[in-house]
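Take a look at the letters that make up each chain.
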Amino acid sequence: MTTETTPERRPAPDRSTGGAAPAAPTAGRPGTWWRAALRHRLFWPVLALLLLLILNVFFTHSFFSIRLQQGHLYGSLISILLFGAPLILVALGMTLVIATGGIDLSVGAVVAISGALACLYISKESDQNSLTGMLVAVALSLGLGLVLGIWNGLLVARIGIQPIVATLILMVAGRGVAQLITSGQIITINSSPYGRIGGGYLLTLPFSILIVAAVVALLVTLTRRTALGLMVESVGGNAEASRLVGINARRIKVMVYMFCALCAAIAGLMISSNVSAADGNNAGLWIELDAILAVVIGGTSLTGGRFYIGGTVVGALIIQTLTTTIYTIGVPTQSTLVFKAVVVICVCLMQSPAFRQKVFSRRRRGPDRPAGVAPAGQPDVEPRLEVQA
Amino acid sequence: MAQQQPVLEMTGISKEFPGVRALSDVDFRLFPGEIHALLGENGAGKSTLIKVLTGVYDQDAGSVTLDGQPVRITSPLQAQKAGISTVYQEVNLCPNLSVAENILLGREPVRGTKIRWKQMRREAAELVARVGLQLDVAAPLGNYPLAIQQLVAIVRAVGVTAVADGAVPTGTATEEAGQTEVAAVAERQGARAQVLILDEPTSSLDRGEVEQLFSVMRRLKAEGVAILFVSHFLDQIYEICDRMTILRNGRLVGEYPVRELDQMRLVQLMIGRDLGDLEELTEHIRPAVGEPVIQAQGVGRVGAIAPFDLDIHAGEVVGLAGLLGSGRTELARLLFGADPPDSGHVLIDGRPVALRRPAAAIHHSIAYCSENRRTEGLVPELTVRDNVILALQAARGWIRPLPGNQRDELVDRYIKALDIRPANPDLPVSSLSGGNQQKVLLARWLITQPRLMILDEPTRGIDVGAKAEIQKLVVSLSEDGMAVLYISAELEEVLRLSHTIGVLRDRKLVAQIRNDAGVTAGRIMETIASGASPDGAQS
């Protein structure tokens, strides 16, 4: 699952340059394809992801190799996708919520509740390996996830509590609920059908990667093939104007919080299935922050409005790759958080058009240039600089 | 009063913004113990003059003297220190702090670094009592209604004027403890407010609250404070003010004692035309055609507009005339369900309908272009295409998207028909000029094929060419049978386009005049000024 498989509806004119459309002249002219690529919204996040991946090769030479063993694909790249699956899911839900101008802090709690409920149900079954039992457990968890989403949505849309406060309630209380469900213990189960959600394979690929692919496909279809995406962006871009064109903003908001909680519930199933246990305390802990970060790296603004599903997926992959990188290059445990923070700051700076402008324009009149040469308008200026001009 | 020295004198004030001459050579005088109205239409330069006076803007030319001393006011803080206090339309206090904290913020009684809370409350209570208010000064300001908050803002602004003029030296008598409290505040404040500027203080107050405000103003006036009062309610001006200064297009029209200028003449001076010039015929008068599309019967909303009756027929243009703040927009919003009415009912095709939400009005083929393009119209970061189809798409529901080719064809057709430039549906709408943004909004609603189109100030802030185009469009829409409610501050536009003219004044629909050869801008202005239809031409 790569970003190129995610269709985006619009070419999205580059707002940093005031919307001056350069598309027409670049088309068809050989040697200028990279200009179009440079202007693509996803260029910088994807570049950051590639740099991180390449960094790994210096430490693990077989990093890019993927091999087939007993009909299953293995390799570091597959592992990144596999372990990143819950985060991608949560970030996808978060994308829509953020697009409406909201935020959902409760996803981590929902992850914990969903895993706890499923594991509790299966642990009470006489035959833990029964497929029906596992399906009922999954249905219960997803159903509860939807209910929790409705709760968040109603607090935000109907009662009018600020999203960050409304979802904080469930963030704190939800952890408590998860611990109540597990009675404060870690529930371990031994169910092979349930274990397949996180650890199973289908068509050589890990099952959770396929789930993520399905959710991405569903989301793209829902938002870009129907008018849902337009309405979400409209509500996030100008709520009052949306009301005055007859959009039911409340319903849209409840829907996105439901979708977000549903994604978190699926992620909760994956995480608990992976370890065949439910930990009310630690499952999905701080995943909301990683998810918000993934959305922002992907180019969706925290103030709401336009959202980018492909960007979010790349953002989540960057975060997961970073976690993997920390292990492969052997950052000391006590420095991991600092290392992570530094990389995130660098990625965010790369993303910022204002920052790039500043750095590159300084380089242009930098001291390494021969004196006396007027830097501006030089025909031999590096390609990157020209794009900024 | 003429012999007295003005407390404030502004001479030859000019202020230019890029492309606009906001003020040219304006004189303004304010005497102690008077209430002075500053009048003019929207954009006449009132707020610019106030902002020069309060140091928000620096004038390009002209001089200001305060108490006969030339001053140059360069910041709001300096204005305050010089004794010029301002209370703006939107109360800018902190509702979460107590009344006492709000009043004495920045000049609290302190001992060392500690605030003396008890004394602070005593002082605040005394200041509040001086203007005739009974408040618990320890309660959060937000607990009180807006009118009281407005009064607290005034107390904060002028708090200590009263004592500054005499009570300070006494301070010995213990029975006058209150006096000393105030004196203490006066000392800390270091200056007395001698000029109080009230910018539209009454716009959100009801009649009783206005009375309360006026009695405070009269008290302050008796104590020698000079008050500059800005209001769009002409009746209030005549009730409370002594003199007035009229601005038009950034120029001084004149300074008049209120008693010597009747409302009729005042409106003429504000709008800037003599009655004689306006005795001309209007064109485009067509008889109203068709059945009533919408009938409003006793529809009203407390605080927005008094209950009104209004019929709009198919093919008819109903224009609304009235000064800013007279309730034009409020009327339109009720008919669209943007605000739910709290009385009366609306009939569409003779059948009663509930218009409590915009979606309900849109379902009945009503469209509304708000006067606030940015805040209530456009979704700036979406493309022109998305903005154009938004209303139609909302009516279809999210599950039934417009098919791509049909959508593109519709958008292209309307871009062409309205001549939206640049004609590129993929641009973000925020990159278009004001006139083109307005056309995008018109396209958004025309695409839904409404039966009643409500246009609130569709020509405001756009260039002359686009203005003419939009007016032509209104004429051709009504010829095709659409009912139009047309709101504009420009009387000519309303006269030129309307079959029927509804006149609003002080949030009331006071007259409906059938537009024909005999109707002139003068007659409309008379109605606006007098509040009564001149010859009973109710339709």
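Position numbers for residues count from 1 along each chain, tracking the sequence in the order it is written. Numbering of ligands from 1 and lettering of chains from A proceed in the order in which they are written. Reporting in this predicted model follows two pLDDT cut-offs: at least 70 for local features of residues, and 80 or more for side-chain atom pairs to be given and counted; totals over whole chains, interfaces and linings ignore these cut-offs and use all residues.

Draft legend 1. Spotlight on the overall build of chain A. Note on conventions: DSSP H or I runs of at least 4 residues are helices, E runs of at least 2 residues are strands, and numbering of each starts at the N terminus. Assigned secondary structure in chain A consists of 17 helices and six strands. By the burial criterion, 44% of the 389 residues in chain A qualify as buried. Burial in this document is a count-based property: other C-beta atoms within 10 Å of a residue's C-beta are tallied, and the residue is buried at 20 or more, exposed at 12 or fewer, or partly exposed in between, with C-beta positions derived from the backbone.

Draft legend 2. Quick peek at the overall build of chain B. Scanning chain B from terminus to terminus reveals 20 helices and 22 strands. A buried classification covers 47% of the 539 residues belonging to chain B. For chain B, restricting intrachain contacts to residue pairs at least 6 apart in sequence, the fraction spanning at least 24 positions comes to 70%. We call two residues in contact whenever the C-beta atoms placed from their backbones are within 7 Å.

Draft legend 3. Focus on the sheet that holds strand S13 (residues 292-301) of chain B. Residue and element names in this part refer to chain B. DSSP-based pairing: two strands are paired if at least 2 bridges between them are found. Strands sit in the order S14-S13-S16-S17 across an open sheet of four strands; the sheet is antiparallel. In the strand order of this sheet, the two ends are held by strand S14 (305-313) and strand S17 (351-353), each with one partner. Put simply, the sheet's adjacent strands are angled 20° from each other on average, direction ignored. One ladder, built from six bridges, connects S13 with S14; its direction is antiparallel. Looking at S14, one finds that Pro292 is bridged to His313. Interaxial angles span 0 to 180 degrees and are taken between N-to-C directions of axes, which are lines fitted to C-alpha atoms, for helices over the stretch in contact.

Draft legend 4. Broad picture of the sheet that holds strand S15 (residues 317-321) of chain B. Residue and element names in this part refer to chain B. What the six strands build is an open sheet, ordered S18-S19-S20-S15-S21-S22; its pairing is mixed. In the strand order of this sheet, the two ends are held by strand S18 (366-369) and strand S22 (508-514), each with one partner. Strand-to-strand twist across the sheet, computed as the mean angle between neighbouring axes with direction ignored, equals 15°. Here six bridges tie strand S21 (residues 500-505) to S22, and the two strands are oriented antiparallel to one another. Looking at S22, one finds that Arg505 is bridged to Lys508.

Draft legend 5. Layout of the pairing of S13 of chain B. All names here are of chain B. Where S13 folds back onto S14 in an antiparallel hairpin, the turn is made up of three residues, including Gly303, whose phi is positive at roughly 85°. Bridging between S13 and strand S16 (residues 343-348) involves five bridges; their strand directions are antiparallel. Bridge pairing in S16 places Gln297 opposite His345.

Draft legend 6. Geometry of the packing of helix H5 (residues 146-158) of chain B against helix H9 (residues 207-222) of chain B. All names here are of chain B. Interhelical geometry of H5 versus H9 gives an angle of 15° and a closest axis separation of 10 Å. What the angle tells us is that H5 and H9 run roughly parallel. Crossing of H5 against H9: the hand is right-handed. Counting all contacts with H5, which are made through Ala147, Gln150, Leu151, Ile154 and Val158, the residues of H9 involved are Glu209, Gln212, Leu213, Val216 and Leu220. Charged residues are taken to be Asp, Glu, Lys and Arg, nonpolar residues to be Ala, Val, Leu, Ile, Met, Phe, Trp, Tyr, Cys and Pro, and polar residues to be all remaining types, Gly included. Among the residues forming the contact of H5 with H9, the class breakdown is seven nonpolar, two polar and one charged. Convention used here: angles under 35 degrees read as roughly parallel, angles over 145 as roughly antiparallel, angles from 65 to 115 as roughly perpendicular, and any remaining angle as oblique. Crossing handedness is read from the near helix: turned anticlockwise from the far helix by less than a right angle, it gives a left-handed crossing, and turned clockwise, a right-handed one.

Draft legend 7. Representation of the nonpolar core in the model. Judged by nonpolar contacts, the single largest core of 260 residues is most densely connected at Val90, Cys260 and Cys263 of chain A together with Ile454 and Leu485 of chain B. Looking at which element gives the most residues to this core, the answer is helix H12 (residues 249-275) of chain A, with 18 residues. To count as a nonpolar core, a set of buried Ala, Val, Leu, Ile, Met, Phe, Trp, Tyr and Cys residues must be joined through C-beta atoms within 7 Å.

Draft legend 8. Main features of the environment of Gln5 of chain B. Residues and elements named next belong to chain B. Along the chain, Gln5 turns up in the segment before strand S1 (8-17). Of the residues examined, Gln5 has 11 C-beta atoms within 10 Å and is grouped as exposed. As for Gln5 and Arg29, which are separated by 24 residues in sequence, their C-alpha atoms are 9.7 Å apart.

Draft legend 9. Spatial organisation of unusual backbone geometry. Residues and elements named next belong to chain A. Unlike most non-glycine residues, Leu203 shows phi in positive territory, near 55°. Checked against the element boundaries, Leu203 lands in the loop between strand S4 (201-202) and strand S5 (205-206). By the C-beta count within 10 Å, which is 8 here, Leu203 ends up exposed. Residues other than glycine seldom take positive phi values, yet Ser276 does so here, at roughly 50°. Looking at where Ser276 falls in the secondary structure, it is placed in the loop between H12 and strand S6 (277-279).

Draft legend 10. Structural detail: the pairing of strand S6 (residues 84-87) of chain B. Residue and element names in this part refer to chain B. Both faces of S6 are covered, namely the face carrying Ile84 and Thr86 and the face carrying Ser85 and Val87. The pairing of S6 with strand S9 (residues 195-199) spans four bridges and is parallel. Bridge pairing in S9 links Thr86 to Ile197.

Draft legend 11. Here's a closer look at the interface of chain A and chain B. Contacts between the two partners involve 25 residues from chain A and, on the opposite side, 27 residues from chain B. For the side of chain A that touches chain B, the secondary structure elements donating two or more residues are helix H10 (228-237) and helix H11 (239-244) of chain A. When residues of the side of chain A that touches chain B are assigned to their parent elements, the largest contribution, six residues, is made by H10 of chain A. Residue composition of the side of chain A that touches chain B, by class: 10 nonpolar, nine polar and six charged.

Draft legend 12. Spatial organisation of the confidence of the model for chain B. All names here are of chain B. The predictor's confidence in any single residue is recorded as pLDDT, a number from 0 to 100. Averaged over chain B, the pLDDT score is 81; the fraction of residues at 70 or greater is 85%. The low-confidence segment residues 161-177 (pLDDT under 50) makes 28 contacts with residues lying over four places distant or belonging to another chain. Here residues 534-539 scores under 50 on pLDDT; set against residues more than four positions off or in separate chains, the count is 11 contacts. The ipTM for the predicted assembly is 0.74, set against a pTM of 0.67.

Draft legend 13. Focus on helix H5 (residues 107-124) of chain A. Helix length check: H5 of chain A, at 18 residues, gives a terminal C-alpha distance of 26 Å against a target of 26 Å (1.5 Å per residue), a fit within 8%. Among the 18 residues that make up H5 of chain A, 15 are buried, leaving the element largely enclosed by the rest of the structure. For a helix, the expected span equals 1.5 Å multiplied by the number of residues minus one.

Draft legend 14. Summary view of the confidence of the model for chain A. Residues and elements named next belong to chain A. Looking at chain A, pLDDT values average 81 and 85% of them are 70 or higher. At the low end of the mean pLDDT range in chain A sits helix H17 (residues 383-388), at 34; at the high end sits H12, at 93. Every residue in residues 1-28 scores below 50 in pLDDT, and together they form 37 contacts with partners more than four places removed in sequence or on other chains. Low pLDDT, under 50, characterises residues 366-389; the predicted model gives this stretch 13 contacts beyond four residues in sequence or across chains.

Draft legend 15. Broad picture of the packing of H5 of chain A against helix H6 (residues 131-158) of chain A. All names here are of chain A. Interaxial distance between H5 and H6 falls to 9 Å at its minimum, and their mutual angle equals 150°. Taken together, the axes of H5 and H6 lie roughly antiparallel to each other. The interaxial crossing formed by H5 with H6 has right-handed handedness. Here H5 contributes Val110, Ile113, Ser114, Leu117, Ala118, Tyr121 and Ile122 to the contact with H6, which in turn contributes Gly133, Met134, Val136, Ala137, Val138, Leu140, Ser141, Leu144, Gly145 and Leu148. Looking at side-chain class alone, the contact of H5 with H6 contains 13 nonpolar, four polar and no charged residues.

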